[in-house]
Structures are given as C-alpha cells and as structure tokens.
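So you can see what is in the structure, the chains are spelled out below.
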Amino acid sequence: MKYILVTGGVISGVGKGVIASSFGTILKCCGVRVTCIKIDPYINIDAGTFSPYEHGETYVLDDGGEVDLDLGNYERFLDVTLHRDNNITTGKIYQQVISKERKGDYLGKTVQVVPHITDAIQEWVERIAHIPVDESNEAPQVCIVELGGTIGDIEGMPFVEAFRQFQFRVKRENFCCAHVSLVPQPRSTGEPKTKPTQSSVRELRGLGLSPDLIVCRSEKPIGQSVRDKVSNFCHVGPEQVICIHDLSSVYRVPILMEGQGLVDFISERLHLNLTLPQPKSYMMKWRNLADRFDFTQSQGAPDVEPTEKGSIEVVRRESCCVVGVDLLRKEVTIALVGKYTKLEDSYASVLKALQHAAIEVGYKLNVSLIEAANLEKEMKMEDPVMYHKAWQTLCKSNGVIVPGGFGKRGFEGKLEACQWCREMQRPFLGICLGLQSAVVEFSRNVLKLDKANSTEVDPDTPHPLIIDMPEHNQGQMGGTMRLGKRTTVFTSDKSVMKQLYGNKQSVEERHRHRFEVNPKYVKQLEAAGLKFTGHDTENKRMEILELENHPYYVATQYHPEYLSRPLKPSAPFMGLILASVGKLKQYLEHCNSLNPSDVSEDSDDLEAMSTSVDKMRLDSATDNMA
C-alpha cells in the first residue's frame, strides 16, 4: 500500500480537498486503484450535528455516515463509494481509545497521546486503506490522506506526530507528503510572496515531516523565478514544486497538475512502475469534461495562462480564436430557495449536481440563491426592498429547487416558492424538506386543510401532514435520522421520474431525514392530483412526489445530489434542467437522449474547437521537439 499525505499551510481553505482529489484522479486515469481518507481534527464524532455555516454541508455516504463535504469531492472526482470510517475525527479516535481503556485493554497502563492515540490513528489509517471502494472490489493500491486544518494548529498535533511515526512504519518508498501552501500576491506590489510558504514548510519539518511535493496556491499564475525561489529555500527540486492558480473550474486542476510532470515524479517516488509516458488518451475523458464545462460556462475565450511544461492552456485560447467559435452559449437560471444561502458550501452537492446536469445538456448554469425567509409575507413589512428583490429573482428564474434543511425558519417562504411554481407552471424540484413543503402547501391551498403543517414546525397542528418517524429519538441528535442508501420502488409506469431513471423498477438513493409524509393523508392528496410515484420497499414511506398536468413538479424524500457525478448526472436534476430549457419532452421521447437536431450546432462548434486544439497541440509539440 502506498500513501500520499496532503497537508496545508498558511491558511485553512487553501484547497487541500481539490488537490487530494486531483492526485486521485490522475492516478486513477493511470489505472491505479485509489482510496481517500479525510482527517478532521475537531472533537465532534462526525459532521451530523453541524450547522452548514460551520463547515458547509453534511455529506451522507451509502452506509449512513455523516461526513465532511470533502468526501463528496473524492466520490465525485474518483467515482468511488467511501465509508463512514474514511472520515477520521479527533472525537472518533478518543472515543475508541477511551472505550478500550474502560474495557481494560491497556492492562492498567497510563493512557497517553503518545503512544496510544497516535497508534490508534495509524492502525485506523492502515485498516481503512485496504477496504475496496470501487466496482472491482479489489483492495486499493494508493491511499490519499488529507489532514484537515493548518500545520501548527494545536488540535492537529497528535495526527502530525502519528504520521511522523507512520512514515517509518510503512517505509519511505511507500509514503509521500504533499504540502499545499498559499503564495499571496499583495496588490500594493503585485509580486508573489514566498515567505509564508517558507515558514510553513519550516514548521512542518520541525514536526518531523519533510514534504516531497510543495503545491503553491495563488490567485494568478506563478512564474519560474518564484518556483525556483520556493525550491531553493524549501530544499526541494524544481520539479517538486507544483503551481496551481485560480482556474475556470476545479476540473482543470488535475490537468494542470499532470502537465507539470506529476505522474513521472509520483511513479518514481512511490515505485508505482507506471507505463511512461502514458498514452495521449489516458486523461481524455477528463479533458473533454473540462473543455465542455468551459465551453458552456464561459462568455468568451477562456483566460488561462500556459503551464510550465507546455502550451496546452494557451493553445485552448488560441484555438478558440482561430476557429472563431462564439462561446456565448444559451443559459439557464435556477433559483435555489433555502435557509443557509449566505454560504454556498451549505449546498455544495446540490450546486454540483445542477452543474453536472447543465454541462450534459449544454447550457450555461446561473444559480440564484434566495433566502427563503425573504419570500414570506412578514418580510414585506419588515424589509420591503429585500422582499421584492427576492420575489423578482424568483420570477426571473427558469426553474426552482427547494433543497433539504431543518427547523422552522424560512419554512413559510419555501411554501410560497412551492405555490408559485405550482400555479405558474414553473419547473420545480423539491428535496427532502422540499418534498415536505410541497405537501403542506398543496394541503393548505388545494385541499383547503386550514393550518396544515409539519409537526417539526408546529407540534400542535390540527392537520399533521408531516410527522416524525417512529424510530426517531428526539432526545438525541447525532445519527438518529433515517440515513444512508435505501431502495425506492416505483408504483406507476406513467411516472416522469421513472422515465428519467431509465424505466427501472426501483432505484437506490441516499437519505437524511427525521420526518416523513403522514400516511393518513396520502389517498386524499393523490385524489386531488398529487401522486406519490415512489415508495419504500415496505410501501409505508412516500419517496417520490409528482403533480399531474404540470411541466415538471417533482420532489424526492431522498437526496439525489449525493450520487451525482460529473460524467453521470443525477436523473432528477437532469429533469429540472431539461424542463427549464423546454427540452424534457423530446428528451424522454428519444429514450433519454437529446434530439441531434437540437444539439447539432453545439456539437459542430465543439468538434471544430477540439480539432483545432489537437492541431495546435501537435504543432506546439513539434516546435518544442525542434
């Protein structure tokens, strides 16, 4: 087993998750089986009880593990299925050690950070690294470990010490350390400053870990002189300094890293015996994805600088100019009505799933985040400007999504969004609480059930359309919800959702909820036109909702965003984007594929651009050889 440890310096949020995912993407394209571990030094057992404003969304795995959103990046980039133990926290480690101490496993010894905590960390990593995570069901060959936080943080010290010991435990040829550091560029001088990186590397070395790779993150491209300076003062070779500036999308990060000779270095450093050089097509799917994203999202030729080892990025810009491709593409605007809209990471998976679907359909995606409370009638009196602005944004959208959430704040605003979409025939997708909101709104305004509500919002409602699940323990918060992958069985052949899923009899999706539709009201709702076309395997829980005589008004109790992948978009999200651009009907008529006549112009442009890119790459390679 080979291990790549990814650490961070200078500031948190420097991009370690994307860098770690990119390592895995490159290795997987080389035919290497990869797994990932994320270490979070906080004392919480897991991310299940966090407010989204703390660390962004809580990501849910197949086995019900509530984990950090970086594991979502790993699964999307690598198309693997991780487990709850792929996320290590200080709380989990200490809980395990204390549990052993209570059982007497340490034979009366004094339990200490060293060796007991550090040994527990190392044993956990070794155990999880060998668990299969892909369809081959074979043990991974490389384990990428991301250490959260910043080097020097007091809460991360036990983990740093554990990996200082771990590098000797697994031998040098099986362990590689990559340090991600910020290289700021002050506006006053415009010059990249390497001193923070030097200090960060010095501190890492003082703790016993010497970086094999230094990944320099910057806002703008870094020149060779800065790379040489980092190499000189941090005691690594120039080829061990990888420079990653802000790019048009995260999909370009693996390409930029690969273009700086990363495969050659990793293969030699970890004795992977990869075939070098790799065939030209080995990252073609990923390059096509990045090109397609830029093509649909950009409003002009991508402003990307050339890499150090070639001119692939500048070639893209030149090729667009040569063929005269107009990159101003058709757009689709989706309004996201939620309660955590001040931080985009609160809905990271939802936004990614929308992006995946928009890329597949070939449209530029614009997402308008609307605070649900701003749509409520009370806001009209409190802040009329904010109220009218929110409604104006909603009315300008092509489609609406109401994602999951908890608590009563903003619930009435979500009901307003549901009612507007239902009455105005606007495409709508509700997820988890979004489904519950659609049920309550329909009950109030169509069934005329006065004061119908969810017991989460109003425990004393005379019409409890949404109730808490029997197994939900209200006295304890963590891990007591209906979590993880469950089977949903379709109950109608006329279901739009069933068609979007390829006419399968059932689907497996991930859940995270405490409340559900009250079975007592199901017949009444369906008689009025609100159909539940998907149930659980016991036919007790309502999983999928569809409204009759509407272009696209659907909702799911599960969270389809968790299984969306860049090359395999989620079906409900595909339906929302297609309905929002008026192409859902022909998509379904052509067996879940777009009519060639609808995309021929786009395809011709893409083909022309790709052909020109290939020609420019070949010319560039010829010039370099000369």
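Summarised in this report is the structure supplied together with it. Every value quoted in this text rests on a predicted model; they were computed, and no experiment measured them. (Residues numbered from 1 in each chain as written. Predicted model: local features only at pLDDT ≥ 70, side-chain atom pairs only at ≥ 80, totals over all residues. Heavy atoms only, no water.)

What follows is about the sheet that holds strand 14 (residues 452-454). Spatially, the three strands line up as an open sheet ordered 14-15-18, and their pairing is mixed. Of all strands in the sheet, those bounded by a partner on one side alone are strand 14 and strand 18 (515-517). Each adjacent strand pair in this sheet contributes to an overall mean axis angle of 25°, direction not counted. Bridge count between strand 14 and strand 15 (residues 463-468): three bridges; the pairing is parallel. Of the residues in strand 15, the one forming a bridge with asparagine 453 is proline 464. (Pairing = 2+ DSSP bridges. Helix = DSSP H or I, 4+ residues; strand = E, 2+ residues; numbered from the N terminus. Axes fitted to C-alpha atoms, helices over the stretch in contact; angles between N-to-C directions.)

On to the packing of helix 15 (residues 384-396) against helix 16 (residues 411-424), then. Contact pair helix 15 / helix 16: the axes reach a minimum separation of 12 Å and the direction vectors enclose 35°. Considering only the axes of helix 15 and helix 16, their crossing is right-handed. Side by side, helix 15 and helix 16 meet where Trp391, Leu394 and Cys395 of the first sit next to Glu416, Ala417 and Trp420 of the second. Classifying every residue of the contact of helix 15 with helix 16 gives five nonpolar, no polar and one charged. (Left-handed = near helix turned anticlockwise from the far one by under 90°. Contact = heavy atoms within 4.5 Å. Nonpolar A, V, L, I, M, F, W, Y, C, P; charged D, E, K, R; others polar.)

Further remarks concern the pattern of salt bridges. The full count for this structure, using the stated rule, is 34 salt bridges. Across the pair arginine 444 and glutamate 412 runs a salt bridge, and its minimum N-O distance is 3.0 Å. Placement of arginine 444 in helix 17 (residues 433-445) and of glutamate 412 in helix 16 is noted, with a sequence separation of 32 residues between them. The class for arginine 444 is partly exposed, based on a relative accessible area of 24%. (Salt bridge = Lys/Arg side-chain N within 4 Å of Asp/Glu carboxyl O. Buried < 20%, exposed > 50% of the residue type's maximum accessible area, 1.4 Å probe, protein only.)

As a further point, take the packing of aromatic side chains. Applying the stated rule across the entire model yields 13 aromatic pairs. With a centroid separation of 5.1 Å and 75° between ring planes, the pair formed by tyrosine 59 and tyrosine 562 is classed as edge-to-face. Separated by 503 residues along the polypeptide, tyrosine 59 in strand 3 (residues 59-60) and tyrosine 562 in the loop between strand 21 (553-556) and helix 20 (571-580) bring together distant segments of the chain. Comparing tyrosine 59 with tyrosine 562, the two get one shared label, buried. When the ring of tyrosine 251 is compared with that of tryptophan 286, the centres are 6.0 Å apart and the planes differ by 75°; the resulting orientation is edge-to-face. With tyrosine 251 in the loop between strand 9 (241-245) and helix 9 (253-258) and tryptophan 286 in helix 11 (residues 284-297), the pair connects residues that are 35 residues apart, well separated along the chain. Here the two residues tyrosine 251 and tryptophan 286 agree in accessibility, since each one is buried. Among the aromatic residues, those joined into a cluster by ring pairs are Tyr3, Phe163, Phe166 and Phe175. (Phe/Tyr/Trp six-rings, centres within 6.5 Å; stacked < 30°, edge-to-face > 60°.)

Our focus in this paragraph is the environment of histidine 590. Within the secondary structure, histidine 590 sits in the loop between helix 21 (584-589) and helix 22 (596-625). A relative accessible area of 33% places histidine 590 in the partly exposed class. For histidine 590, the side chain forms a polar contact with the main-chain oxygen of glutamine 586, separated by 2.8 Å. (Polar contact = N/O pair within 3.5 Å; in protein donor to acceptor, adjacent residues only side chain to side chain.)

In this structure, proline 115 follows valine 114 across a cis peptide bond, with omega equal to 15°. In the Ramachandran plot, asparagine 273 falls in the positive-phi region, its phi being about 55° despite a non-glycine side chain. Relative to the helices and strands, asparagine 273 is located in the loop between helix 10 (262-269) and helix 11.

Pairing in this open sheet of seven strands is parallel, and the strands run 5-2-6-1-7-8-9 from one edge to the other. The sheet is open, and its two borders are formed by strand 5 (87-89) and strand 9, each paired with just one other strand. Here the strands of the sheet are splayed against their neighbours by 20° on average, with no regard to which way each runs. In this structure, strand 2 (residues 34-40) lies alongside strand 5, joined through three bridges in parallel fashion. Looking at strand 5, one finds that aspartate 40 is bridged to threonine 89. Lying over the sheet, helix 5 (residues 113-129) contacts strand 1 (2-9), strand 2, strand 5 and strand 6 (142-147), oriented at roughly 150° with respect to strand 2.

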